[in-house]
Amino acid sequence: TDKVAIVTGASRGIGRAITLLLAMQGAKVVAVARTAEELEELNAKTQGLAIPADVADEDDAAHIVAETLSHFGRLDILVCNAGVGSFNLLEHFDAAEWDRIFDVNVKGTFLLCKAVVPHFKAQGSGHIVGITSDVSKRTFEHGTAYGASKFAQDALLSSLRKEVRPHGVKVSTIYPGLVDTYFNDSRPGSLDAEKTHLKPSDVAQAVRYVLEAPAHVVVDELMLHPMTQEW
Ligand code: NJP
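If you're wondering where the values come from, they're calculated on a predicted model, not measured in any experiment. (Residues numbered from 1 in each chain as written. Predicted model: local features only at pLDDT ≥ 70, side-chain atom pairs only at ≥ 80, totals over all residues.)

Student: What is the right way to read the overall build of the chain from this model?
Tutor: Each helix and strand counted, the chain has seven helices and seven strands in total. Ordering the α and β elements of the chain from the N terminus gives β-α-β-α-β-α-β-α-β-α-β-α-α-β. Here the C-alpha atoms of the chain give a radius of gyration of 17 Å, agreeing with the 17 Å that 2.2 N^0.38 yields for 231 residues. Along the first, second and third principal axes, the C-alpha set of the chain runs to 45 × 35 × 35 Å. The proportion of buried residues among the 231 residues of the chain is 46%. The long-range fraction of contacts in the chain, counting pairs at least 24 apart against all pairs at least 6 apart in sequence, stands at 66%. (Helix = DSSP H or I, 4+ residues; strand = E, 2+ residues; numbered from the N terminus. Rg over C-alpha atoms; globule rule 2.2 N^0.38 Å. Buried ≥ 20, exposed ≤ 12 C-beta atoms within 10 Å, placed from the backbone. Contact = placed C-beta atoms within 7 Å.)

Written as structure tokens, this is what we have:
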């Protein structure tokens with residue numbers, strides 16, 4: 001494939017696995033995260049383009065898309081994967097932490113989609129893949145902020161699917177359960193996690209699957225869990 005893809009949150013965890021898989025399949029991948037060093041190290045492997053940027057910043061979001069188009073001359077895929085979370089009883093959350101979670105997970109998805117949709121509509125094709133969470137569809141204690149943000153991100157993508165489908169543009173949403181990453185300051189790679197968590201590459205394979213659907217098919221939703229997870 002000679003496709004060009006933007007992947008947000010590409011420097012670690014799920015986004016890194018998606019970037020490596022798409023690059024291995026021949027796509028040109030624009031890797032986005034805030035930390036430049038990790039992106040450059042990844043980009044040395046993928047021969048793509050590294051753009052250090054904050055998805056929650058409107059100017060950054062517009063810059064990512066403009067830079068992609070000027071560098072590669074085309075854009076086919078946006079993977080909205082960047083996300084953050086922290087977990088606490090509602091009364092212990094401060095408003096700044098609430099805002100941080102919503103800024104990255106919801107506003108970041110909004111801003112990147114807003115920047116690519118006019119381009120996708122004009123070319124009559126394009127595919128937006130959102131990495132949300134199984135907690136976009138269930139609730140749990142300590143998850144008020146994160147869960148609400150993931151419900152919101154899911155609703156955003158599902159509304160957008162209806163807006164862009166008549167223009168030949170696809171939106172697919174992926175709902176992973178537990179994944180062994182750096183999420184919420186965790187450290188991946190423990191022996192235990194091999195049994196209890198998905199690997200980032202498992203989620204990357206789900207992204208590959210939705211992207212490979214024939215032109216007349218859109219995979220709206222895809223949920224995956226480790227076999228051990230009750231949910
Ligand atoms: O997390 P992690 P995951 N602008 O922490 C980047 C969802 N999910 O791979 O900016 C741009 O290893 C950050 O880089 P940096 C989850 O909600 C996860 O697990 O330099 N980039 C890094 O590359 C999220 O939507 C689990 O700090 C920003 C990456 O994002 C997605 O999966 C379960 C950014 C985060 O890597 C990927 O998370 C589930 C910003 N403002 C859903 N802020 C799970 N792990 O169990 C952060 O259901 N990044």
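Student: Teacher, can you tell me more about the site of the ligand here?
Tutor: Within the structure, the ligand sits among 32 residues, and Gly-9, Gly-13, Arg-34, Gly-83 and Ser-133 are positioned closest to it. For the shell around the ligand, the elements supplying multiple residues, two or more each, are α1 (13-24), β2 (28-33) and α4 (95-123). In terms of residues, the shell around the ligand owes the most to one element, α1, which gives three residues. In terms of residue class, the shell around the ligand is built from 15 nonpolar, 13 polar and four charged. (Near = placed C-beta within 6 Å. Nonpolar A, V, L, I, M, F, W, Y, C, P; charged D, E, K, R; others polar.)

Student: Just to check I follow, could you spell out the environment of Ala-155 for this structure?
Tutor: On the secondary structure map, Ala-155 appears in helix α5 (residues 144-164). Between the C-alpha atoms of Ala-155 and Val-106, which are 49 residues apart in sequence, the distance is 9.8 Å.

Student: It is not clear to me how unusual backbone geometry should be interpreted in this structure. Could you clarify?
Tutor: What is expected of a backbone is that most residues other than glycine have negative phi and most peptide bonds are trans. Of note in the backbone geometry, Gln-47 takes a positive phi value of approximately 55 degrees without being a glycine. By the element assignment, Gln-47 lies in the loop between α2 (36-46) and β3 (49-52). Phi at His-142 takes a positive value of approximately 75 degrees, unusual for a residue other than glycine. Locating His-142 in the fold gives a position in the loop between β5 (127-131) and α5. What makes His-142 partly exposed here is the crowd of 14 C-beta atoms within 10 Å.

Student: I keep staring at the packing of α1 against helix α7 (residues 200-211) and nothing clicks. Help me out?
Tutor: The packing of two helices is summarised by the inter-axis angle and the distance between the axes. Two elements in contact, α1 and α7, have axes whose closest approach is 8 Å; the angle formed by their N-to-C orientations is 50 degrees. Our classification of the angle between α1 and α7 gives oblique. Considering how the two elements wind past one another, α1 and α7 form a crossing that is right-handed. For the pair α1 and α7, the contacting residues are Gly-13, Ile-14, Arg-16, Ala-17, Ile-18 and Leu-21 in the first and Pro-200, Ser-201, Val-203, Ala-204, Val-207 and Arg-208 in the second. Taken together, the residues of the contact of α1 with α7 sort by class into eight nonpolar, two polar and two charged. (Axes fitted to C-alpha atoms, helices over the stretch in contact; angles between N-to-C directions. Parallel < 35°, antiparallel > 145°, perpendicular 65-115°, else oblique. Left-handed = near helix turned anticlockwise from the far one by under 90°.)

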